[in-house]
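# Descriptive structure summary
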Amino acid sequence: MSSSDPKTRPKPVTRPPAPVPPSSWAKRTGFKPKFSGETNASDSGQIALPPRSRENENQPDLEAGRARPVPPVVNGEQPVSEKGPAEKDQSVKKRREADGTNKGSSAAAANGHTVNNGAAPQPQQPTRRPSRNEDVVDVLPQNVDDEGFVGRHSHMKYELRDTPGLVPIGLYGFQHYLSMLGSLILIPLVIVPAMGGTYEDTANVVSTVLFVSGVTTLLHSFFGSRLPLIQGSSFVFLAPALAIINSPEFRGLNGNNFKHIMKELQGAIIIASAFQALLGYSGLMSLFLRLINPVVVAPTVAAVGLSFYSYGFPQVGNCLEIGAVQILLVIIFSLYLRKISVLGHRIFLIYAVPLGLVITWAAAFLLTEAGVYSYKGCDTNIPSSNIVSEHCRKHVSRMKHCRVDTSHAFKSSPWFRFPYPLQWGTPVFHWKMAIVMCVVSIIASVDSVGSYHASSLLVSSRPPTPGVVSRGIGLEGLSSILAGLWGTGTGSTTLTENVHTIAVTKMGSRRAVELGACVLIVLSLVGKVGGFIASIPEVMVAALLCFMWAMLAALGLSNLRYSEAGSSRNIIIVGLSLFFSLSIPAYFQQYGISPNSNLSVPSYFQPYIVTSHGPFRTKYEGVNYIMNTLLSLHMVIAFIVAVILDNTVPGSRQERGVYVWSEAARREPAVVKDYELPFRVGRIFRWVKWVGL
């Protein structure tokens, strides 16, 4: 019988697919994938995707930063698409590296064999070409959860450079800032009363924060990292600000305590901000980035949220029926009702904080008007020290915290007020407070680095290069100098909560953030807006902070998804960093109150008065102040422990997450378009390579 008889024809040998050669990006970063696109198992804690059909599928083009259709595979090769000459040569070169078809055809030609294209091809096992996203499935996480929190930019409604139109941009921009309302306004509502400021002072500081946030966001969008990130008063600066506010030299001041302490804060913030700007623009940040990896960022940012537990629920307990209800509402909206869509928008998930605030405020207003918190012969305007009646003394705290009409900020605030620099007076500079703030500015830079990379994997083609990160940190330093000159009480950095907002709203256009910043500047000029925000009762502020600080801790830990979260090395490092970030400050804070002192400091501020009574008691008061303050800050301890352990304990680049934040994609065209400076400003910085692409 002939060899073509189907009964005697040998069966083709089924061979396993050829190993996937690493792409040029993976070669440069040392990335070793643990699985291909056809596997669902992973031991590194990364996301494995189920197998999908290869036909009629839009795969993301990692070079161009957009989805492209994949043509059908014919005889093991893909037809050449219509591309430019340079792009065509590049694709041919990559195809030759991926399979050995060209080598086989060349060898056949050298041996005198010819290929008959007209005849039917001989049955052979076609060489499998891996899809473009198989060898990077571990690097750029796909969108597998309903919020899109680890989603790729191809699943965004609008990407970084999209400009869909004025109306959509305006709506999405307003939505973006409304969802960030808690992060923008809550810090002034905490620090101004702690400084002895009135409700009018709180309203003025809130208006100043809104103004500076709008201006610095525009600057960062144009000349910083160019990512759609909102700049504002960061919670990173809250703990050191409270430590400075409760310093012993400010106790017993006569006159306006608020302005005196604010000028001290301004001086410390200006010096620390200049140090941060120098760190970025000098190129030192590029060197410092070698020590900062996801394993370092995660516990450091998480410690910022965990450090304020003593302020949260103890304040809510002053009026439990108002504060607890607000916490429950925010939890129900953000978790149980998160999948409910109204007109294509997940209203309850996006606006969980504003909706909870409005509903709780309305309920408290109705209870106040109904006389639930009114007691015969008692007046909230009378100071507690002047109340004689025992009946009123019993209910004065409940009246103060539960009623919504105790603040007169809205009535007394003007309709128009322009925040101007040095509005509280000339800043006062003290070196010991400035050094504390300089160390904190490093922590703020670490926080921003995590936000840059997390947001870039959502809205951009590649993570920012070290030069872009340095440029962003330098501009954040300049932005904080503006915050110090205007007097916001804290520095200005990237708000970490912004990453969650981008993932939920799926709005990654920088134009939306820029338009929203312009609206924020206009609103800051309306004095009644600041007065309205300043009239929020303290219980509601504390309830919102319980949610915001919990979110901040979770967002910090979410940076571990860029590393091998299941690695025992990383688990031990993160666990030790978080534990010591709570335990070591507790040791320092137990010295906070002298047994013979009679301080009228609220219990939730007592951890911040350690500056004068800590265990460091040398003959140099300035050194005592710096060491006692820094080592009582949770985020400083977490950062120190994480940096030392992560950079001394052996671990692969993939295990530490270094490959995700590498500089391998520096010269890709999509990266240049995403991060290049506008108005040809980038030409000025061509000679400064450490702040460029």
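Looking at an unreviewed UniProt entry, one finds the chain named Nucleobase-ascorbate transporter 12 and attributed to Gossypium hirsutum. Of the comments in the UniProt record for the chain, the one headed Sequence similarities (unreviewed entry) reads "Belongs to the nucleobase:cation symporter-2 (NCS2) (TC 2.A.40) family." For the chain, the Subcellular location (unreviewed entry) comment in UniProt is given as "Membrane".

Our next topic: the packing of helix H5 (residues 181-194) against helix H22 (residues 538-557). Relative to each other, H5 and H22 sit at 130°, their axes nearing to 10 Å. On the basis of the axis angle, H5 is oblique to H22. Viewed along their axes, H5 and H22 form a crossing whose handedness is left-handed. Residue-level contacts link Gly182, Ser183, Leu186, Leu189 and Val190 of H5 to Val541, Leu544, Leu545 and Met548 of H22.

Once that is clear, we can look at empty space enclosed by the protein. Under the defined criterion, the tally for this structure stands at nine cavities of 30 Å³ or more. One number sums up the size of the largest cavity: a volume of about 80 Å³. Sorting the residues of the lining of the largest cavity by element identifies helix H10 (294-306) and helix H17 (431-459) as the ones contributing at least two each. With four residues, the single largest contributor to the lining of the largest cavity is H17.

For the rest of this paragraph, the subject is the state of the cysteines. Within this structure, the stated rule accounts for one disulfide. Covalent S-S linkage joins Cys319 and Cys402, the inter-sulfur distance amounting to 2.0 Å. Across the S-S bond linking Cys319 and Cys402, the dihedral sits near 120°, which makes this disulfide right-handed. Residue Cys319 is found in the loop between helix H11 (312-316) and helix H12 (320-336), and its partner Cys402 is found in helix H15 (residues 390-402); the two are separated by 83 residues along the sequence. Side by side, Cys319 and Cys402 carry an identical accessibility label, which is buried.

With that settled, consider the packing of aromatic side chains. One pass over the structure, following the stated rule, counts 14 aromatic pairs. With a centroid separation of 5.4 Å and 35° between ring planes, the pair formed by Phe333 and Phe348 is classed as tilted. On the criterion of sequence distance, the pair formed by Phe333 in helix H12 and Phe348 in helix H13 (residues 347-350) is long-range, its members being 15 residues apart. Between Phe410 and Phe532, the ring centres sit 6.2 Å apart and the planes meet at 75°, which makes this aromatic pair edge-to-face. Placement of Phe410 in helix H16 (residues 409-412) and of Phe532 in helix H21 (residues 527-534) is noted, with a sequence separation of 122 residues between them. Judged by relative accessible area, which is 37%, Phe410 ranks as partly exposed. Among the aromatic residues, those joined into a cluster by ring pairs are Phe235, Phe308, Tyr311 and Trp549.

Rules behind the numbers
- Residues numbered from 1 in each chain as written.
- Predicted model: local features only at pLDDT ≥ 70, side-chain atom pairs only at ≥ 80, totals over all residues.
- Heavy atoms only, no water.
- UniProt positions renumbered as here; feature names shortened; annotations may be inferred.
- Axes fitted to C-alpha atoms, helices over the stretch in contact; angles between N-to-C directions.
- Helix = DSSP H or I, 4+ residues; strand = E, 2+ residues; numbered from the N terminus.
- Parallel < 35°, antiparallel > 145°, perpendicular 65-115°, else oblique.
- Left-handed = near helix turned anticlockwise from the far one by under 90°.
- Contact = heavy atoms within 4.5 Å.
- 1 Å grid on protein atoms, 1.4 Å probe; cavity = no way out; pocket = protein on both sides within 12 Å on 5 of 7 lines; lining within 4 Å.
- Points joined across faces, edges and corners; volume = space filled by probe spheres on them.
- Disulfide = S-S within 2.5 Å.
- Buried < 20%, exposed > 50% of the residue type's maximum accessible area, 1.4 Å probe, protein only.
- Phe/Tyr/Trp six-rings, centres within 6.5 Å; stacked < 30°, edge-to-face > 60°.

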